[in-house]
Structure formats: C-alpha cells, structure tokens
Amino acid sequence: MNINLKITKKQMEFINAGEDEVLFGGAAGGGKSYGQIIDALLYALKYPASKQLILRRSFAELDKSIIRSSLAVYPREIYTFNFSSHTGRFINGSIIDFGYCAASSDVYQYQSAEYDVIRFDELTHFAEWQYVYLLSRLRGASEYPRQIKSTTNPGGIGHSWVKRRFVDPAPQRTCFVSEEGLKRIFLPSFLSDNDFLCKGDPDYEKRLLALPEREKKALLFGDWNIFEGQYFTEFDPRVHVIEPFEIPRSWRKYRTVDYGLDRLACLWIAVSDDGSAYVYREFCESNLPISAAAREILARTPKDEDVYATLAPPDLFSRSQESGKSKALLFSEFGINFTKTSNDRECGWLAVKEMLCAEGRGSIRIFKTATELIRCLPALTVDKLRPTDCATEPHELTHAPDALRGFAIFHTRPSSVDGAVRRQWSRDMWEDYYAADKEGKKYLKEKYGEPN
Ligand SMILES: Nc1ncnc2c1ncn2[C@@H]1O[C@H](COP(=O)(O)OP(=O)(O)OP(=O)(O)O)[C@@H](O)[C@H]1O
Ligand SMILES: [Mg+2]
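Conventions we followed
Residues numbered from 1 in each chain as written. Chains lettered and ligands numbered in written order. Predicted model: local features only at pLDDT ≥ 70, side-chain atom pairs only at ≥ 80, totals over all residues. Helix = DSSP H or I, 4+ residues; strand = E, 2+ residues; numbered from the N terminus. Buried ≥ 20, exposed ≤ 12 C-beta atoms within 10 Å, placed from the backbone. Contact = placed C-beta atoms within 7 Å. Near = placed C-beta within 6 Å. Nonpolar A, V, L, I, M, F, W, Y, C, P; charged D, E, K, R; others polar. pLDDT = per-residue confidence, 0-100. Axes fitted to C-alpha atoms, helices over the stretch in contact; angles between N-to-C directions. Parallel < 35°, antiparallel > 145°, perpendicular 65-115°, else oblique. Left-handed = near helix turned anticlockwise from the far one by under 90°. Pairing = 2+ DSSP bridges.

I'm lost on the overall build of the protein chain in this one. Help?
A tally of regular secondary structure across the protein chain gives 16 helices and 16 strands. A principal-axis box enclosing the C-alpha atoms of the protein chain has dimensions of 85 × 50 × 40 Å. Within the protein chain, buried positions represent 38% of all 452 residues. Sequence-distant contacts, at least 24 apart, represent 72% of the contacts inside the protein chain between residues at least 6 apart.

Teacher, can you tell me more about the site of ligand 1 here?
Lining the immediate surroundings of ligand 1 are 17 residues, of which Ala 28, Gly 31, Lys 32, Ser 33 and Tyr 34 lie closest. Put simply, the parts of the chain that give the shell around ligand 1 at least two residues each are α2 (32–46) and α6 (195–200). When residues in the shell around ligand 1 are grouped by element, the largest group, three residues, is from α2. For the shell around ligand 1, the per-class residue count stands at five nonpolar, 10 polar and two charged.

Just checking my understanding: could you explain the confidence of the model for the protein chain for this structure?
Detailed conclusions should not be drawn from predicted coordinates in areas where pLDDT is low. Averaged over the protein chain, the pLDDT score is 88; the fraction of residues at 70 or greater is 94%. By mean pLDDT, the top-scoring element of the protein chain is strand β4 (residues 87–90) (98), and the lowest-scoring one is helix α15 (residues 427–435) (70). Below pLDDT 50 for its whole length, residues 415–423 participates in six contacts with residues either more than four positions away or in separate chains.

Just to check I follow, could you spell out unusual backbone geometry for this structure?
Across residues other than glycine, the phi torsion is negative in most instances, and most of the peptide bonds are trans. Despite not being glycine, Ala 49 has its phi angle at roughly 60 degrees, a positive value. Examined against the element boundaries, Ala 49 turns out to sit in the loop between α2 and β2 (51–56). With 14 C-beta atoms counted inside 10 Å, the residue Ala 49 sits in the partly exposed group.

Would you explain the packing of α2 against helix α3 (residues 59–73) in this entry?
Two packed helices can be described by the angle between their axes and the distance between those axes. It is the contact of α2 with α3, at a shortest axis distance of 10 Å, that shows an interaxial angle of 55 degrees. In terms of their interaxial angle, α2 and α3 are classed as oblique. Pair α2 / α3 crosses with right-handed handedness. Along its contact with α2, which presents Ser 33, Tyr 34, Ile 37 and Leu 41, the element α3 presents Ser 65, Ile 66, Ser 69, Ser 70 and Val 73. Residue classes in the contact of α2 with α3 are distributed as five nonpolar, four polar and no charged.

I keep staring at the sheet that holds strand β12 (residues 263–271) and nothing clicks. Help me out?
The strands making up a sheet associate through backbone hydrogen bonding, with each pair oriented either parallel or antiparallel. Taken together, the seven strands give an open sheet; going across it, the order is β10-β16-β13-β12-β11-β14-β15, and neighbouring strands pair in mixed fashion. Pairing within the sheet leaves two strands with one partner each, and these edge strands are β10 (241–242) and β15 (338–340). Where β12 lies against strand β13 (residues 277–285), eight bridges are found, and the strand directions are antiparallel. Within β13, the position partnered with Leu 264 by the bridge is Glu 285. The strands touched by helix α10 (residues 290–299) within the sheet are β11 (252–260), β12 and β13, with β13 carrying the most contacts at an inclination of about 140 degrees.

Quick question: what am I supposed to make of the pairing of β2 here?
Every other side chain in a regular strand lies on the same face of the sheet, so the side chains alternate between the two faces. Burial analysis of β2 places six of its six residues in the buried class, which makes it a mostly covered element. Every second residue of β2 is oriented toward a common face, with Lys 51, Leu 53 and Leu 55 on one face and Gln 52, Ile 54 and Arg 56 on the other, all of them buried. Bridge count between β2 and strand β5 (residues 95–100): six bridges; the pairing is parallel. Note on β5: the bridge partner recorded for Leu 55 is Gly 99.

I keep staring at the packing of helix α1 (residues 9–16) against α2 and nothing clicks. Help me out?
Contact geometry of α1 with α2 gives a least axis separation of 9 Å together with a crossing angle of 45 degrees. Between α1 and α2, the interaxial angle falls into the category oblique. The crossing of α1 and α2 is right-handed. Of the residues in α2, those touching α1 at Gln 11, Phe 14 and Ile 15 are Tyr 34, Gly 35, Ile 38, Asp 39 and Leu 42. In terms of residue class, the contact of α1 with α2 is made up of five nonpolar, two polar and one charged.

Now the structure itself:
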C-alpha cells in the first residue's frame, strides 16, 4: 500500500532526529504537530507491535488537535481508533495511546505503562516533573529506539524549564549530551518552513502580526526570549548580571534564607558604601534537614567573612506543635541566628522591583555565578488571581526569589518607615503603581506617600 505524504524539510529533520530527547519548537503553524503525527505513523509502521504515547495537557486539546489530525492522515486500511480508550491500532500490532494530563497527578495513570516513544505536543504546557516522570516510562524488551519527542511554541507555564533543558545549552540543531548522559537536540520551527499553510492561508501571517508584542515574538517569530506573564519585566541580564569581583571587607554582608525541606535557598548579599546591593554567592539545595542546611550555609561562609545578619521569613519563627521549637531556634542551635523579615509578599516584591529599577543607591546587581537566582527571577509569572503578586507555581522557581524578597524588604523598609505616619495603600493604588512607568511611579509616590 502506498501512502502519499508530503513533508517539509524541517519535519524531515524532526523525523530523522535520533537523539534521546528531541524538541521541535517555535512559531505557531510551522508544522510541528503535523510532523509529530507523521513521525508517529512512520515509527508505528517501521517497528511492528511498538507502543507510543502522545500527550497533550487537556483532553479537549488532544481531541481537537492531535486525534482529529491523525484520523485525517492515518489510512483507514491500516489503522483503527478506539474513541473510549483513545488508543489507535495498526494492523502490524503497533499502538498509539493518546493521553492527557489535566491534573498534575494524571501522570501516575501511566505508572505501570511501558512505551517505546513518548510524544508531548505543546510541551511548555507541562511541568518539568511530569516530563521527567514520564521519561521513566520509556522501557521495554524490544530493541526499538526509545525516545521522547516533543513539539511546542515558546511561552506557557513550562517555558523556562523547556528553554533551559533544550534551547539554552547548545546552538540550535546541535546535539548535546545532558548531565545524565542523554542526547538532546533542539530543532527550531518557523512559519516560513510550512509552505502548506503559507500558500493555503496567506493572511495567517498578517493575523499573527496583529498580536501584542510578546505573543507576536513567540508565535510569529518563535522567539524563546520571552516570558508569558513575566512578573519581573524590569529584570535585564545585561544590566543586572555582572562579573564577580572581590567584595571590599568594609561592605556590610547579609545572608538571606528561604527554607523548607523541599528546598533551601540562601543568598549572600553585600551592600556597598553607596547603598547598592550585590548578590555575590548563592546556595540552593533540596531535601536538607535543618542541621545539614545550617552546616552547608556555614561551610560556604569563609571564617573571616563578617556576616552582619542572616535574614529569614516569619514562618520559620513559628513553633512546631511536636517539638515546641521553631525552625529558627533549631538553626540557632546549629550556629545560625536569624533576623526576622516581613512576609508581606506584595511589599516585598515591590521592594525587589524597586531595586531592579534603581541605579546606584538602592540598586541590586547579581554575580553571574548565582545561576539559580538568575534563572528563577525572570521566570516568575504574574499570579492570575492577584496580579500584584507573583505565581507560586512552578514552586521550584520561587525559593531563590523568596530569599531575595526577604532581603529587599528588610533593606528598603528602614528608610521608608522613618518619621511621619503614612497612609495605607489600597490594592487599587498598588495596581496603578505596578502598571506605571518610572515617571508614573514617582508621581504616585508623591500623591499617595511612600508605599507601605
Ligand atoms: N506536511 C504537511 N502536509 C500538509 N499539511 C501540512 C503539513 N505540515 C503542516 N500542515 C498543515 O499546516 C497547518 C499547521 O501545521 P501544524 O498544526 O502542524 O503547525 P504547528 O507548528 O503545530 O502549529 P501550532 O504551533 O499552532 O501548534 C495545519 O493545518 C497542518 O495540517
Ligand atoms: Mg501544534
């Protein structure tokens, strides 16, 4: 039987990519999902009785896109699809399961499953741990090649981890080996790759051109240097990330900590004589009990480095019901005494924003060695329900910024609490403030008094 298919050059490249993990990512309409469907078909036919899984985040997306297109493309003579189990079967015994992970825990439904190839469509809609968990479902007794092949646009909740995993480590279209020894490759996709769409719908590009700037960058140009709903839009690595230098002894030094068993983040920050702050060291690690966390922090602080205060959020000072002791007390038993900061999130974030906008006094700069903070800060997104706050998901991004927030509120508060009683800012005032540019912020401060 002959199947008459035409594919683009880029789709061919995706189909031929034999790396353990492949990402085909970029502009909307480049032909990524279609490439995924064809690749799955060719694999199923080449490897009899093979098993593949194609995933989307929600069932509606799966049904409307991948299932529909595969039914349109896969020849009925060799392929049947079961609508209740979402399984497609080929006459050579190969199967494709079509799945979705609407709730975070949905990945566990694949706990006992085995696949030769797992395919994610719109990978940035997934969390990294879901991807990594499903990586472990790649196994089987056959000698077929095992791969995870994904397609996506930039943007979405998973933007930053996908970018970090595939886009940042090596030039595009260049295979590289991850720390775990897996081969990865990123293949970029552009609208111009897809003649079928460009010729069939010449106005499509014009419609993408009409999108707001950030969406346009992501969807028309397939640009990865965007963050959808980025909270710290003022963060600019060219300005804020600097080469390390030796911190003068006279500068006041702080440590600021965010601690939970899931993750410890500790930043070392020095304040210059002119009042600018420099994050000069960081330590972030998961699963450390208090004794180990304290030990690691102390081990990273040279004996002759005089730390003025170690800042920690108020929740570390609340007593545990079992031991009657607070985490702060336990840390002090292991040699670190905390100074309590404020847990007012919005004021804290605002203080961080102020520091990012400032030059000289009140500014913040980050040594390029503080890679976790540099990765997480620009990746935080705006909370959908409270636009003045940033989202607490993905949780792994929040720790280093939370530690910075503790410092920022501590560092900026004293100057603003001096003297006069100030008016309490309402949420509306805060929203106006966040939306304003530099001049606007100055005006609002004059109008309402210093933020509090
Ligand atoms: N090789 C091809 N032959 C025929 N039509 C194609 C081919 N490749 C892509 N198309 C068509 O082009 C359109 C866009 O392709 P596709 O949906 O794969 O793009 P995409 O990159 O996944 O887009 P998005 O980023 O929006 O998900 C679809 O209508 C698809 O059917
Ligand atoms: Mg698609």
